[in-house]
Amino acid sequence: MLTIGVDIGGTKVAAGVVDPDGRILDKVRYPTPANASEELADVVALAVRELRDRRTEGDCVAVGVGMAGFVDEDRATVQVAVNLGLHDHPLRDLVQERVGLPVVVENDANAAAWAEARFGAGRGSDHIVCVTLGTGIGGGLVLDGKLYRGRFGVASEVGHYRMVPFGRRCPCGNHGCWEQYASGRAW
Ligand SMILES: [Zn+2]
């Protein structure tokens, strides 16, 4: 049984076919659309369709989408993705109706933490903390072998923990967030 993983970044949408051992069997990438709110689901669906067309029909049974942003606890709606300009965006349903497979949307650092816990540096550990450093700072927590999302699904968004009281303004709406001081975008 295979799944398709999609990583939505600020510049590219990368998608791959993954087997149950975490191996990537095939991949494609597309540029992230400039107007993400309108066309993002179309591009994700295009990538999924291309990968499915190369395999035996019925091989791929679900799609997981990872993206930098606050994703709600139902893993359906992107609450805020500052780099893509998305607010309250129902990405899961938009992708699901285009590809006809079950879809889960997850914060990209949560997805990275889960992958490290299952197949990477955290294998064999019950608890892991994963910090991803890129344009911003992402974080994921695996506690007792489960991904911990917290009350609103954003417990491990360490990049938006306030490090400096009354500090620099962050596009998330707060001031003094860690990623305004120590990420690829920090100045
Ligand atoms: Zn912030």
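Because the structure is predicted, anything quoted here is derived from the model rather than measured.

Scoring rules and cut-offs
- Residues numbered from 1 in each chain as written.
- Predicted model: local features only at pLDDT ≥ 70, side-chain atom pairs only at ≥ 80, totals over all residues.
- Helix = DSSP H or I, 4+ residues; strand = E, 2+ residues; numbered from the N terminus.
- Rg over C-alpha atoms; globule rule 2.2 N^0.38 Å.
- Buried ≥ 20, exposed ≤ 12 C-beta atoms within 10 Å, placed from the backbone.
- Contact = placed C-beta atoms within 7 Å.
- Domains from an automatic or database assignment.
- Nonpolar A, V, L, I, M, F, W, Y, C, P; charged D, E, K, R; others polar.
- Pairing = 2+ DSSP bridges.
- Axes fitted to C-alpha atoms, helices over the stretch in contact; angles between N-to-C directions.

A. Region of interest: the overall build of the chain. Summing up its helical and strand segments, the chain has four helices and eleven strands in all. Its C-alpha atoms give the chain a radius of gyration of 16 Å, within 12% of the compact-globule value 16 Å for 187 residues. C-alpha extents for the chain along the principal axes are approximately 55 × 40 × 25 Å. Within the chain, the proportion of its 187 residues that are buried is 36%. If you take every contact in the chain between residues at least 6 apart in sequence, the share linking residues at least 24 apart comes to 46%.

B. Up close: unusual backbone geometry. A positive phi angle is found at Asp 88, which is not glycine, with a value near 45°. By the element assignment, Asp 88 lies in strand β7 (residues 86-89).

C. Molecular detail of the domain arrangement of the chain. By domain assignment, the chain separates into domain 1 (2-106) and domain 2 (110-182). Its C-alpha centre places domain 1 at a distance of 20 Å from the equivalent point of domain 2. If you look at the interface, domain 1 gives 13 residues, while domain 2 gives 15 residues. Listing elements by their share of the side of domain 1 that touches domain 2, those giving two or more residues are β4 (60-67) and β5 (70-71). In terms of residue class, the side of domain 1 that touches domain 2 is built from five nonpolar, five polar and three charged.

D. Quick look at the sheet that holds strand β11 (residues 146-147). Overall, antiparallel pairing links the three strands, which are arranged β9-β10-β11 in an open sheet. Each edge of the open sheet carries a strand with a single partner, namely β9 (128-133) and β11. Taken together, the six bridges between β9 and strand β10 (residues 137-143) define a ladder with antiparallel strand orientation. Directly across from Leu 133, in β10, lies its bridge partner Ile 137. Of the strands in this sheet, β9, β10 and β11 are in contact with helix α3 (residues 108-119), which crosses β10 at around 45°.

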